[in-house]
Amino acid sequence: GGERRGEKMADVMAEEARRASRVAQGLDAELRTRALFEIADALEKNEGRILEENAKDLEAAKDMDILPATLQRLKLKDGKIAQLAKGIRSLAESGDPVGRVLRRTQVAEGLQLEQVSAPLGVLLIIFEARPDALPQIAALSIRSGNGLLLKGGKEAAHSNKVIHSVVADAIERAGLPRSLVGLVTSRDEIKDLLSMNHLIDLVIPRGSNQLVTYIQSNTKIPVLGHADGVCHIYVDKEADLSKVLKIVVDSKVDYPAACNAAETVLFHRGCTEGGDSSVVAKSLAALRSEGVKVNGGPKAAKELGLPPAPKPKHEYGDLEVTVEIVESQQEAIDFIHGNGSGHTECIITESQSAADDFLKRVDSACVHHNASTRFSDGFRYGLGAEVSHRKKRVG
């Protein structure tokens, strides 16, 4: 550990984050709440500065080999800072998660056992491109009394640096230790960070399938994260056409690079009836009018004359989608379980019994009825912000 060219090494920052977390736990919860309001105000006050630095990253990205989907995630769009500030204020207004008595048991005469909610310790978040993830993660970490180490991708270096300094200044103004949230800017490789299981309690990767898989395979630290966002919409034979058109288009087009964007639309065989005025025909026309390239699964490619999809489970992250025809709801559910990533699925139907069956049996983190897959978001769910979705049996 130590210093290198004026930059703190990650192991030193992890030690400091742990100490800061312990200090924060001992302070009044009111200080953590105040820190969140300070961060929200500071983000809005510094919006011009943040967008200037983001523009530098976007300019530098032109010389990097960056995918269009990654470039979309790198850009801080209009209204994004205001939305982040709103989410952080809503988090500040939510109840304090630390120190809640979850269970109290009388073990013996005069001996009482309490289970109390406590911070995890030090979190390491490794994220690519998305500078808007930094303030959300920092806010959730402060709210829950955890120490935080952030390692961003080089493509967002300018944005991350300015946002981190805005957040750290705000934390300090509120009376919390600045080192509670550390941004690793030294050349420590991800590999080195992943070996610090004596200092870091949980790793949360945010980024490509490749990044998440690499992290899951190369650390002894528990990992919370999803590698894919292959989300499905199932259009039932009893779906309302106007809802289908709105939901299918929004789920794909609103932000195609997001992990909650729809990648596959499954149509019940009944939706193909009626030629050019069928639900399928109108849906494909609506998608194409928004610039979406439509590919087909085996049945749809053959029957609708579509180019074949690359594979049944495919995350485009772009204005491209797979369409397939299914004979029954059971086939749709089996398809989702066989080719999904357990993130978000949606059924569009006016039949309450079909919806209830789908919601009960589809095994994903978020399952929606007549609502866009884009709603599966911490801010949209009224939680203020989010770090990661995870759908696993254990953990």
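Note that the structure is a prediction, hence the values are computed from the model and not measured. (Residues numbered from 1 in each chain as written. Predicted model: local features only at pLDDT ≥ 70, side-chain atom pairs only at ≥ 80, totals over all residues. Heavy atoms only, no water.)

## Brief notes about the overall build of the protein chain
When its secondary structure is counted, the protein chain shows 14 helices and 14 strands. For the protein chain, whose C-alpha radius of gyration is 23 Å, the value lies close to the compact-globule estimate of 21 Å for 395 residues. With respect to the three principal axes, the spread of C-alpha positions in the protein chain is 70 × 65 × 40 Å. Out of the 395 residues belonging to the protein chain, those deemed buried represent 51%. For the protein chain, the share of sequence-separated contacts (at least 6 apart) that also reach a separation of at least 24 residues comes to 71%. A distance of 2 Å separates the average location of the 52 positive side-chain charges in the protein chain from that of its 56 negative side-chain charges. (Helix = DSSP H or I, 4+ residues; strand = E, 2+ residues; numbered from the N terminus. Rg over C-alpha atoms; globule rule 2.2 N^0.38 Å. Buried < 20%, exposed > 50% of the residue type's maximum accessible area, 1.4 Å probe, protein only. Contact = heavy atoms within 4.5 Å. Lys, Arg positive; Asp, Glu negative; His and termini not counted. Charge placed at Lys NZ, Arg CZ, Asp CG, Glu CD.)

## Observations regarding the sheet that holds strand E7 (residues 181–183)
Strand order in this open sheet of four strands is E7-E6-E5-E8, and the pairing throughout is parallel. Each edge of the open sheet is held by one strand with a lone partner, namely E7 and strand E8 (202–206). Averaged over all pairs of adjacent strands, the angle between their axes in this sheet comes to 20°, without regard to strand direction. Across three bridges, the pairing between strand E6 (residues 147–152) and E7 is parallel. When the sheet's bridge partners are listed, Leu148 is paired in E7 with Val181. Relative to E7, helix H7 (residues 157–173) is tilted by about 160°, and along the sheet it contacts strand E5 (122–127), E6 and E7. Packing of helix H9 (residues 209–217) onto the sheet brings it into contact with E5 and E8, and relative to E8 it is tilted by some 160°. (Pairing = 2+ DSSP bridges. Axes fitted to C-alpha atoms, helices over the stretch in contact; angles between N-to-C directions.)

## Topic: the environment of Gly145
Its place among the elements puts Gly145 in the loop between helix H6 (133–143) and E6. Look at Gly145 and you get buried, because its relative accessible area is 3%. Each C-alpha atom, one on Gly145 and one on Lys243, is 42 Å from the other, the two residues being 98 residues apart in sequence. Setting aside chain neighbours within four positions, we find Gly145 in contact with Ser21, Gln25, Arg32, Val98 and Pro119.

## Considering the confidence of the model for the protein chain
Averaged over all residues, the pLDDT of the protein chain is 91; the fraction at 70 or higher stands at 93%. A low-confidence stretch, residues 391–395 stays under pLDDT 50, and its non-local contacts, those more than four residues away or across chains, total eight contacts. (pLDDT = per-residue confidence, 0-100.)

## Some details on the state of the cysteines
Within this structure, the stated rule accounts for zero disulfides. Here Cys271 stays free of any disulfide, with the sulfur of Cys346 as its closest cysteine sulfur at 13 Å. Overall, Cys271 belongs to the buried group, its relative accessible area being 3%. No disulfide involves Cys346; its nearest neighbouring cysteine sulfur is the one of Cys231, lying 10 Å away. Using a relative accessible area of 0% as the deciding quantity, one classes Cys346 as buried. (Disulfide = S-S within 2.5 Å.)

## Examining the pairing of strand E13 (residues 344–348)
Along E13, five of the five residues are buried, which leaves the element largely enclosed by surrounding structure. Burial of the side chains of E13 extends over both faces: Thr344, Cys346 and Ile348 are buried on one face and Glu345 and Ile347 on the other. Here four bridges tie strand E9 (residues 231–235) to E13, and the two strands are oriented parallel to one another. Paired with Val235 across the two strands is Ile348, which belongs to E13. Note: E13 against strand E14 (residues 366–369), four bridges, orientation parallel. When the sheet's bridge partners are listed, Glu345 is paired in E14 with Val367. Each parallel crossover has a hand, and for E13 linked through helix H14 (residues 352–361) to E14 it is right-handed. (Right-handed = clockwise from strand over helix to strand, strands pointing away.)

## Things to note about a nonpolar patch on the surface
Where nonpolar side chains cluster on the molecular surface, the patch consists of Val107, Leu111 and Leu113 and spans about 280 Å² of accessible area. Following the sequence through the fold, Val107 ends up in strand E3 (residues 101–108). (Patch = residues over 30% accessible without salt bridge, like charges linked within 9 Å, V, L, I, M, F, W, Y side chains within 5 Å. Areas by Shrake-Rupley, 256 points an atom, 1.4 Å probe, with all protein chains shown as cover. Salt bridge = Lys/Arg side-chain N within 4 Å of Asp/Glu carboxyl O.)

## Quick notes on the nonpolar core
Side chains of nonpolar character tend, in soluble globular proteins, to be buried together. In terms of nonpolar packing, the biggest core is built from 42 residues, with Ile39, Leu43, Ile142 and Leu150 touching the most fellow members. Setting aside anything within four residues of it in sequence, one finds Leu43 in contact with Ile50, Ile81, Leu84, Ile88, Pro135, Ile163 and Val166. The next biggest cluster of nonpolar side chains, apart from the first, holds 26 residues, and it includes Ala239, Val249, Val279 and Val280. (Core = buried A, V, L, I, M, F, W, Y, C linked by side-chain atoms within 4.5 Å.)

## Considering the packing of aromatic side chains
Counted under the stated rule, the structure contains one aromatic pair. Judged by centre distance (6.2 Å) and plane angle (20°), the ring pair of Tyr234 and Phe358 falls under stacked. In this pair, Tyr234 sits in strand E9 while Phe358 sits in helix H14, placing the two residues 124 residues apart along the sequence. A residue is classified by how much of its surface remains accessible, and Tyr234, at 0% relative accessible area, is buried. Lying over the aromatic face of Tyr255, Lys77 brings its terminal NZ or CZ to 4.6 Å of the ring centre. (Phe/Tyr/Trp six-rings, centres within 6.5 Å; stacked < 30°, edge-to-face > 60°. Lys NZ or Arg CZ within 6 Å of the ring centre and 35° of its normal.)

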